[in-house]
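For reference, the chains in residue letters:
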Amino acid sequence: MSASAMNRRTWLGRALATAGVMALAACERGVSFSERLKVSAEALTRRSQRLLIPREALAPEYDVAEISPDFKPNGSISPAAADYVALRDAGFADYRLEIDGLVERPLSLSLAELRARPARTQITKHDCVEGWTAIGQWTGVRLETLLDEAGLKPEAKYVVFHCFDALTQTEEGPRYYESIDLVDARHPQTLLAYDMNGEVLGVPHGAPLRLRVERQLGYKQAKYIRRIEVVDSFADIQGGNGGYWPDRGYEWYAGI
Ligand SMILES: Nc1nc2c(c(=O)[nH]1)N[C@H]1C(S)=C(S)[C@@H](COP(=O)(O)O)O[C@H]1N2
Ligand SMILES: [Mo]
(Lines give C-alpha, C1' and ligand atoms only; values in the text may rest on other atoms or scores of the structure.)
(Ligands and ions follow the chains in the order given, each with its own letter.)
Protein backbone atom coordinates (compact mmCIF):
# COMPACT_ATOMS: atom_id res chain seq x y z
CA MET A 1 0.00 0.00 0.00
CA SER A 2 1.37 3.45 -0.85
CA ALA A 3 2.09 5.93 1.93
CA SER A 4 -0.72 8.20 0.80
CA ALA A 5 -3.21 5.33 0.75
CA MET A 6 -2.08 4.43 4.27
CA ASN A 7 -2.49 8.03 5.43
CA ARG A 8 -5.96 8.16 3.99
CA ARG A 9 -6.89 4.99 5.85
CA THR A 10 -5.54 6.36 9.12
CA TRP A 11 -7.44 9.58 8.56
CA LEU A 12 -10.58 7.68 7.71
CA GLY A 13 -10.26 5.60 10.88
CA ARG A 14 -10.00 8.74 13.00
CA ALA A 15 -12.87 10.44 11.22
CA LEU A 16 -15.07 7.40 11.80
CA ALA A 17 -14.02 7.19 15.44
CA THR A 18 -15.01 10.85 15.89
CA ALA A 19 -18.36 10.19 14.29
CA GLY A 20 -18.89 7.26 16.63
CA VAL A 21 -18.21 9.35 19.74
CA MET A 22 -21.07 11.70 18.90
CA ALA A 23 -23.95 9.89 20.55
CA LEU A 24 -26.96 11.39 18.88
CA ALA A 25 -30.58 11.12 19.82
CA ALA A 26 -31.45 11.11 16.16
CA CYS A 27 -34.02 8.38 16.31
CA GLU A 28 -35.92 9.92 19.19
CA ARG A 29 -38.61 12.50 18.74
CA GLY A 30 -37.82 16.18 19.26
CA VAL A 31 -34.47 16.70 17.62
CA SER A 32 -32.82 19.89 18.88
CA PHE A 33 -31.01 22.42 16.74
CA SER A 34 -27.61 21.58 18.21
CA GLU A 35 -28.18 17.92 17.49
CA ARG A 36 -28.92 18.80 13.91
CA LEU A 37 -25.66 20.74 13.71
CA LYS A 38 -23.81 17.68 14.95
CA VAL A 39 -25.57 15.63 12.33
CA SER A 40 -24.39 18.05 9.63
CA ALA A 41 -20.81 17.74 10.86
CA GLU A 42 -21.16 14.00 10.76
CA ALA A 43 -22.57 14.20 7.26
CA LEU A 44 -19.44 16.04 6.14
CA THR A 45 -17.33 13.19 7.48
CA ARG A 46 -19.46 10.70 5.63
CA ARG A 47 -19.29 12.67 2.42
CA SER A 48 -15.47 12.53 2.56
CA GLN A 49 -15.57 8.84 3.35
CA ARG A 50 -17.86 8.17 0.41
CA LEU A 51 -15.14 9.31 -1.97
CA LEU A 52 -12.90 6.52 -0.69
CA ILE A 53 -15.17 3.46 -0.70
CA PRO A 54 -17.04 2.43 -3.83
CA ARG A 55 -20.81 2.25 -3.41
CA GLU A 56 -20.85 -1.34 -4.72
CA ALA A 57 -18.43 -2.62 -2.06
CA LEU A 58 -19.79 -5.27 0.30
CA ALA A 59 -20.38 -4.49 3.97
CA PRO A 60 -18.37 -6.75 6.30
CA GLU A 61 -20.04 -10.02 7.26
CA TYR A 62 -19.58 -11.76 10.61
CA ASP A 63 -19.60 -15.25 12.14
CA VAL A 64 -22.55 -16.82 13.94
CA ALA A 65 -20.55 -16.57 17.19
CA GLU A 66 -20.47 -12.78 16.80
CA ILE A 67 -24.27 -12.31 16.69
CA SER A 68 -25.32 -9.88 19.43
CA PRO A 69 -27.35 -11.60 22.17
CA ASP A 70 -29.38 -8.41 22.63
CA PHE A 71 -30.17 -6.57 19.43
CA LYS A 72 -31.92 -3.39 20.55
CA PRO A 73 -35.28 -2.81 18.85
CA ASN A 74 -35.49 0.91 18.05
CA GLY A 75 -37.93 3.52 16.78
CA SER A 76 -41.35 1.92 16.34
CA ILE A 77 -41.45 -1.42 18.11
CA SER A 78 -45.17 -2.23 18.05
CA PRO A 79 -47.20 -0.35 15.43
CA ALA A 80 -50.76 0.40 16.55
CA ALA A 81 -52.19 1.31 13.15
CA ALA A 82 -55.49 -0.56 12.62
CA ASP A 83 -54.45 -2.12 9.29
CA TYR A 84 -51.21 -3.40 10.83
CA VAL A 85 -52.85 -4.75 13.98
CA ALA A 86 -55.43 -6.66 11.91
CA LEU A 87 -52.68 -8.31 9.83
CA ARG A 88 -50.52 -9.01 12.89
CA ASP A 89 -53.40 -10.61 14.81
CA ALA A 90 -53.97 -12.99 11.90
CA GLY A 91 -50.30 -14.01 11.91
CA PHE A 92 -49.71 -11.96 8.73
CA ALA A 93 -51.57 -14.63 6.72
CA ASP A 94 -53.29 -11.90 4.67
CA TYR A 95 -50.18 -9.74 4.27
CA ARG A 96 -49.22 -8.81 0.76
CA LEU A 97 -46.25 -6.75 -0.34
CA GLU A 98 -47.26 -4.36 -3.11
CA ILE A 99 -44.64 -3.29 -5.64
CA ASP A 100 -45.76 -0.56 -8.00
CA GLY A 101 -44.87 2.82 -9.49
CA LEU A 102 -42.44 2.91 -12.43
CA VAL A 103 -42.52 -0.84 -13.11
CA GLU A 104 -43.73 -2.81 -16.12
CA ARG A 105 -45.55 -5.43 -14.01
CA PRO A 106 -46.79 -4.39 -10.55
CA LEU A 107 -46.48 -7.25 -8.04
CA SER A 108 -48.55 -8.25 -5.05
CA LEU A 109 -46.81 -11.01 -3.09
CA SER A 110 -47.74 -13.01 0.00
CA LEU A 111 -45.10 -14.01 2.52
CA ALA A 112 -45.22 -17.57 1.18
CA GLU A 113 -44.53 -16.24 -2.30
CA LEU A 114 -41.63 -14.14 -0.99
CA ARG A 115 -40.22 -17.19 0.82
CA ALA A 116 -40.52 -19.28 -2.35
CA ARG A 117 -37.98 -17.02 -4.07
CA PRO A 118 -34.19 -17.50 -3.77
CA ALA A 119 -33.08 -16.47 -0.28
CA ARG A 120 -29.90 -14.88 0.98
CA THR A 121 -28.59 -14.99 4.56
CA GLN A 122 -26.01 -12.55 5.91
CA ILE A 123 -24.62 -11.57 9.30
CA THR A 124 -23.96 -7.83 9.42
CA LYS A 125 -23.49 -4.94 11.81
CA HIS A 126 -26.37 -2.50 12.26
CA ASP A 127 -25.20 1.04 13.04
CA CYS A 128 -27.71 3.48 14.55
CA VAL A 129 -26.96 7.20 14.37
CA GLU A 130 -27.65 7.32 18.13
CA GLY A 131 -24.29 5.64 18.63
CA TRP A 132 -25.03 1.93 19.19
CA THR A 133 -24.36 -1.05 16.97
CA ALA A 134 -25.54 -4.66 16.95
CA ILE A 135 -24.69 -7.72 14.86
CA GLY A 136 -27.57 -9.74 13.49
CA GLN A 137 -28.29 -12.44 10.95
CA TRP A 138 -30.80 -11.60 8.24
CA THR A 139 -32.52 -13.88 5.74
CA GLY A 140 -34.67 -12.61 2.94
CA VAL A 141 -35.12 -12.07 -0.75
CA ARG A 142 -32.78 -9.72 -2.58
CA LEU A 143 -34.56 -6.53 -3.60
CA GLU A 144 -32.99 -6.81 -7.06
CA THR A 145 -34.74 -10.16 -7.61
CA LEU A 146 -38.14 -8.49 -7.17
CA LEU A 147 -37.23 -5.38 -9.14
CA ASP A 148 -36.15 -7.57 -12.07
CA GLU A 149 -39.39 -9.51 -11.81
CA ALA A 150 -41.44 -6.31 -11.83
CA GLY A 151 -39.27 -4.81 -14.59
CA LEU A 152 -38.09 -1.25 -14.01
CA LYS A 153 -39.22 1.40 -16.46
CA PRO A 154 -36.36 3.46 -17.94
CA GLU A 155 -37.32 6.52 -15.83
CA ALA A 156 -36.94 4.58 -12.55
CA LYS A 157 -34.48 6.27 -10.16
CA TYR A 158 -35.42 5.51 -6.56
CA VAL A 159 -37.13 2.79 -4.57
CA VAL A 160 -39.44 4.04 -1.82
CA PHE A 161 -40.45 1.87 1.15
CA HIS A 162 -43.82 2.77 2.64
CA CYS A 163 -44.28 1.47 6.19
CA PHE A 164 -47.27 0.81 8.45
CA ASP A 165 -46.13 2.82 11.48
CA ALA A 166 -46.37 6.53 12.14
CA LEU A 167 -43.75 6.44 14.93
CA THR A 168 -46.22 7.93 17.41
CA GLN A 169 -48.13 6.15 20.18
CA THR A 170 -51.42 7.15 18.54
CA GLU A 171 -50.28 6.44 14.96
CA GLU A 172 -51.49 9.94 14.06
CA GLY A 173 -49.26 11.77 11.63
CA PRO A 174 -47.26 10.74 8.59
CA ARG A 175 -46.19 7.13 8.31
CA TYR A 176 -42.54 6.09 8.30
CA TYR A 177 -40.98 5.80 4.88
CA GLU A 178 -37.50 5.61 3.38
CA SER A 179 -35.90 5.50 -0.04
CA ILE A 180 -32.71 4.36 -1.74
CA ASP A 181 -31.26 4.75 -5.22
CA LEU A 182 -30.77 1.94 -7.72
CA VAL A 183 -27.11 1.38 -6.77
CA ASP A 184 -28.21 0.38 -3.27
CA ALA A 185 -31.40 -1.30 -4.53
CA ARG A 186 -29.31 -3.62 -6.73
CA HIS A 187 -26.53 -4.14 -4.15
CA PRO A 188 -26.10 -7.88 -3.43
CA GLN A 189 -26.65 -7.39 0.33
CA THR A 190 -29.84 -5.35 -0.02
CA LEU A 191 -32.56 -7.64 1.29
CA LEU A 192 -36.21 -7.67 2.20
CA ALA A 193 -35.73 -9.70 5.35
CA TYR A 194 -38.37 -11.99 6.84
CA ASP A 195 -36.11 -13.91 9.26
CA MET A 196 -33.72 -12.62 11.92
CA ASN A 197 -31.14 -14.79 13.71
CA GLY A 198 -32.71 -17.91 12.20
CA GLU A 199 -36.23 -17.16 13.43
CA VAL A 200 -39.26 -15.49 11.90
CA LEU A 201 -38.77 -11.72 12.15
CA GLY A 202 -40.53 -10.47 15.31
CA VAL A 203 -42.79 -7.43 15.60
CA PRO A 204 -40.20 -5.26 17.46
CA HIS A 205 -37.74 -5.68 14.58
CA GLY A 206 -40.22 -4.98 11.77
CA ALA A 207 -42.42 -8.02 11.07
CA PRO A 208 -43.33 -9.25 8.64
CA LEU A 209 -40.83 -7.62 6.28
CA ARG A 210 -38.03 -5.10 6.72
CA LEU A 211 -35.26 -3.67 4.62
CA ARG A 212 -31.56 -4.37 5.09
CA VAL A 213 -29.39 -1.93 3.18
CA GLU A 214 -26.07 -2.68 4.77
CA ARG A 215 -23.94 0.24 3.60
CA GLN A 216 -26.22 2.75 5.33
CA LEU A 217 -27.24 3.75 8.86
CA GLY A 218 -30.04 2.27 10.94
CA TYR A 219 -32.77 4.74 10.05
CA LYS A 220 -32.59 3.64 6.39
CA GLN A 221 -33.51 0.06 7.41
CA ALA A 222 -37.27 0.47 6.94
CA LYS A 223 -39.32 -1.90 9.13
CA TYR A 224 -43.00 -2.88 8.70
CA ILE A 225 -42.91 -2.46 4.91
CA ARG A 226 -46.36 -2.43 3.29
CA ARG A 227 -45.58 -1.09 -0.18
CA ILE A 228 -42.57 -0.54 -2.41
CA GLU A 229 -42.95 2.26 -4.92
CA VAL A 230 -40.49 2.90 -7.74
CA VAL A 231 -40.24 6.62 -8.59
CA ASP A 232 -38.14 9.08 -10.57
CA SER A 233 -38.35 11.69 -7.80
CA PHE A 234 -39.48 11.73 -4.18
CA ALA A 235 -40.19 15.48 -4.20
CA ASP A 236 -43.95 14.86 -3.89
CA ILE A 237 -43.77 12.27 -1.10
CA GLN A 238 -44.39 13.70 2.39
CA GLY A 239 -41.71 16.36 3.13
CA GLY A 240 -39.94 15.70 -0.17
CA ASN A 241 -36.60 14.56 1.30
CA GLY A 242 -37.00 10.84 0.70
CA GLY A 243 -37.54 9.61 4.24
CA TYR A 244 -39.16 10.17 7.62
CA TRP A 245 -35.86 11.23 9.25
CA PRO A 246 -34.49 13.01 6.16
CA ASP A 247 -37.68 15.13 6.31
CA ARG A 248 -36.57 16.03 9.85
CA GLY A 249 -33.03 17.11 9.00
CA TYR A 250 -31.07 13.89 8.56
CA GLU A 251 -29.02 13.00 5.53
CA TRP A 252 -30.87 11.12 2.81
CA TYR A 253 -27.70 9.21 1.96
CA ALA A 254 -26.52 7.82 5.29
CA GLY A 255 -23.48 5.86 4.15
CA ILE A 256 -21.33 3.96 6.65
N1 LIG B 1 -40.90 1.60 9.94
C2 LIG B 1 -39.86 1.96 10.70
N3 LIG B 1 -38.63 1.58 10.33
C4 LIG B 1 -37.57 1.93 11.09
C5 LIG B 1 -37.71 2.72 12.26
C6 LIG B 1 -39.02 3.09 12.63
O7 LIG B 1 -39.25 3.76 13.64
N8 LIG B 1 -40.08 2.70 11.82
N9 LIG B 1 -36.59 3.08 12.99
C10 LIG B 1 -35.30 3.02 12.30
C11 LIG B 1 -34.14 3.14 13.17
S12 LIG B 1 -33.70 4.68 13.71
C13 LIG B 1 -33.35 2.07 13.46
S14 LIG B 1 -31.91 2.21 14.35
C15 LIG B 1 -33.75 0.73 13.03
C16 LIG B 1 -33.88 -0.17 14.25
O17 LIG B 1 -34.07 -1.50 13.84
P18 LIG B 1 -34.31 -2.57 14.95
O19 LIG B 1 -35.58 -2.20 15.66
O20 LIG B 1 -34.37 -3.88 14.27
O21 LIG B 1 -33.14 -2.46 15.89
O22 LIG B 1 -34.98 0.68 12.33
C23 LIG B 1 -35.17 1.76 11.48
N24 LIG B 1 -36.35 1.50 10.69
MO1 LIG C 1 -31.47 4.45 14.41
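Residues numbered from 1 in each chain as written. Chains lettered and ligands numbered in written order. Predicted model: local features only at pLDDT ≥ 70, side-chain atom pairs only at ≥ 80, totals over all residues. Heavy atoms only, no water.

Help me understand the sheet that holds strand β5 (residues 158-163), please; the structure alone is not making it clear to me.
To summarise the sheet geometry, strands pair through backbone hydrogen bonds and adopt either a parallel or an antiparallel arrangement. Sheet architecture is open: 5 strands sit in the order β2-β1-β10-β5-β6, paired in mixed fashion. Each end of this open sheet is capped by a strand with a single partner; those strands are β2 (107-110) and β6 (177-181). This sheet shows a mean twist of 15° between the axes of neighbouring strands, independent of strand direction. Where β5 and β6 come together, 5 bridges link them in antiparallel fashion. Looking at the pairing, Phe-161 lines up with Glu-178 of β6. The sheet contacts of helix α5 (residues 143-150) involve β1 (96-101), β2, β5, β6 and β10 (225-231), and relative to β2 the element is tilted by about 135°. (Pairing = 2+ DSSP bridges. Helix = DSSP H or I, 4+ residues; strand = E, 2+ residues; numbered from the N terminus. Axes fitted to C-alpha atoms, helices over the stretch in contact; angles between N-to-C directions. Contact = heavy atoms within 4.5 Å.)

What is the right way to read empty space enclosed by the protein from this model?
Over the atoms a probe the size of a water molecule is rolled, and this reveals where empty space is left. All chains considered together, the criterion is met by 3 cavities of 30 Å³ or more. Roughly 260 Å³ of volume is contained in the largest cavity. Along its surface, the largest cavity is lined by 22 residues, and Asn-74, Gly-75, Tyr-176, Gly-218 and Lys-223 are the ones closest to its centre. Here the residues of the lining of the largest cavity are counted per class, giving 11 nonpolar, 7 polar and 4 charged. (1 Å grid on protein atoms, 1.4 Å probe; cavity = no way out; pocket = protein on both sides within 12 Å on 5 of 7 lines; lining within 4 Å. Points joined across faces, edges and corners; volume = space filled by probe spheres on them. Nonpolar A, V, L, I, M, F, W, Y, C, P; charged D, E, K, R; others polar.)

Explain α5 to me, please; I cannot follow it from the model alone.
Each α-helix winds once per 3.6 residues, and so residues spaced three or four apart point in a common direction. Three or more residues of α5 are buried, namely Leu-143, Glu-144, Leu-146, Leu-147 and Ala-150. Angularly, the buried residues of α5 cover 160° about the axis, an arc narrow enough to put them on a single face. The first or second residue beyond α5 is Gly-151, which carries a positive phi of 75°. (Buried < 20%, exposed > 50% of the residue type's maximum accessible area, 1.4 Å probe, protein only. Arc of directions from axis to C-beta.)

Help me understand the packing of aromatic side chains, please; the structure alone is not making it clear to me.
Note on aromatic pairs: each is described by the distance of the centres and the angle between the planes. One pass over the structure, following the stated rule, counts 12 aromatic pairs. Between Tyr-158 and Trp-252 the ring centres are 5.6 Å apart and the planes differ by 85°, which places this aromatic pair in the edge-to-face class. Taken as a pair, Tyr-158 in strand β5 and Trp-252 in the segment after β10 lie far apart in primary sequence, 94 residues in all. One residue, Arg-248, lies across the ring of Tyr-244, its end atom 3.7 Å from the ring centre. (Phe/Tyr/Trp six-rings, centres within 6.5 Å; stacked < 30°, edge-to-face > 60°. Lys NZ or Arg CZ within 6 Å of the ring centre and 35° of its normal.)

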